Amino acid sequence: EIVADYLVVDRDTLGYSQVLLVICQKEVINRHLKITSSLNLKVDLFTLSSQGVCNWYQNFMYRKKFQEIKPVVLLDIDAQNTDICFYHKENLLFTRSISFGKADIKAEKLEILIEELRKTFSTLQKEQIISQISKIVITTSAQESKSLMDKLRLEFPYEVEAINPLTEVELEKESFEVSVPKKII
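First things first, this report covers the structure right here in the doc. From a predicted model like this one, the values you see are computed outputs, not experimental measurements.

**Points about helix H3 (residues 110–126)**
Then, number 1: Over its 17 residues, H3 extends 25 Å from the first C-alpha to the last, a length consistent with the 24 Å expected when each residue adds 1.5 Å.
Then, number 2: What H3 keeps buried is the set Leu110, Leu113, Ile114, Glu116, Leu117, Thr120, Phe121 and Leu124. Looking straight down H3, one finds that the buried residues subtend no more than 165 degrees of arc, so they occupy a single side.
Then, number 3: Turning to H3, the residues buried within the fold contact strand S3 (72–77), strand S4 (82–88), strand S5 (91–98), strand S6 (135–139) and helix H4 (145–155).
Then, number 4: Among the residues trailing H3, Gln128 stands out with phi positive, at a value near 60 degrees.

What follows is the structure, given as structure tokens:
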């Protein structure tokens, strides 16, 4: 069973809208809600995957008191996959996920990511979805991100920045005064 929704990304002067369709398996949402509920955590906003990455980036930029003028490419590299997110004006414009995780950030495997980025950039420019990109932001806690940054700088004409999303997280002490159940799922 799935849950589907949409986000209006942009509207033009002729009345046309660009819409991002969001589809997720219901069990994924329920699993995360069950974890937060079992920990008695109050959840104000719950976003998954690429939209969650974009919400984090928007919050990060807000705290830095900076707003991007041109689209930004967010590469969210987790254990097994990378989400390639195109973010602009507080909106997720396009996203795709590829099989490239933290363990793949090695010289011999970097070409896989570079080729996937080339294909994505080319397609989006042909379809006129993305005009100009200001920079590529890598969001990962992987220590190996420096080699990836160097490779991206050689291959693409964009500024490249790496941010560990966990270093900027501010948590209130009382948020963690909970008893952790023995079994969550």
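**Here's the deal with the environment of Ser99**
Then, number 1: Within the secondary structure layout, Ser99 lies in the loop between S5 and H3.
Then, number 2: When its relative accessible area of 63% is taken as the criterion, Ser99 is described as exposed.
Then, number 3: Remark: the alpha-carbon pair of Ser99 and Ile77, spanning 22 residues in sequence, is separated by 9.8 Å.
Then, number 4: Every residue in contact with Ser99, bar those within four places of it in the chain, is listed here: Gln80, Asn81 and Asp104.

**Topic: the nonpolar core**
Then, number 1: Counting 40 residues, the largest nonpolar core has Tyr57, Leu74, Leu75, Phe86, Phe121, Ile136 and Leu152 as the members making the most contacts within it.
Then, number 2: If you list the elements that add at least two residues to this core, you get helix H2 (49–63), S3, S4, S5, H3, S6, H4 and strand S7 (159–163).
Then, number 3: Ignoring any residue separated from it by four or fewer positions in sequence, one finds Tyr57 in contact with Glu68, Val72, Leu74, Tyr87, Lys135 and Val137.

**Structural notes on unusual backbone geometry**
Then, number 1: The phi dihedral of Lys89 is positive, around 50 degrees, even though this residue is not glycine.
Then, number 2: You can see Lys89 is positioned in the loop between S4 and S5.
Then, number 3: Judged by relative accessible area, Lys89 falls into the exposed class, the value being 57%.
Then, number 4: For Glu90, which is not glycine, the phi torsion reads 65 degrees and is therefore positive.

Rules of the game
Each chain has its residues counted from 1, following the order in which its sequence is written. Owing to the predicted nature of the model, reporting of local features is limited to residues with pLDDT of at least 70; listing and counting of side-chain atom pairs is limited to 80 or more, with chain, interface and lining totals taken over all residues. Where side-chain values are given, they derive from all heavy atoms of the structure, hydrogens and water being excluded. A run of DSSP states H or I qualifies as a helix once it reaches four residues; a run of E qualifies as a strand once it reaches two. Both are numbered from the N-terminal end. One less than the residue count of a helix, multiplied by 1.5 Å, gives the span that helix is expected to have. Note on exposure labels: buried denotes an accessible area under 20% of the residue type's maximum, exposed denotes more than 50%, and partly exposed covers the range between, all computed with a 1.4 Å probe on protein chains only. It is the directions from the helix axis to the C-beta atoms whose arc is reported. Only heavy atoms enter the contact rule, under which two residues are in contact if any of them lie within 4.5 Å. We define the nonpolar core as a collection of buried residues of types Ala, Val, Leu, Ile, Met, Phe, Trp, Tyr and Cys that are connected through side-chain atoms lying within 4.5 Å of one another.

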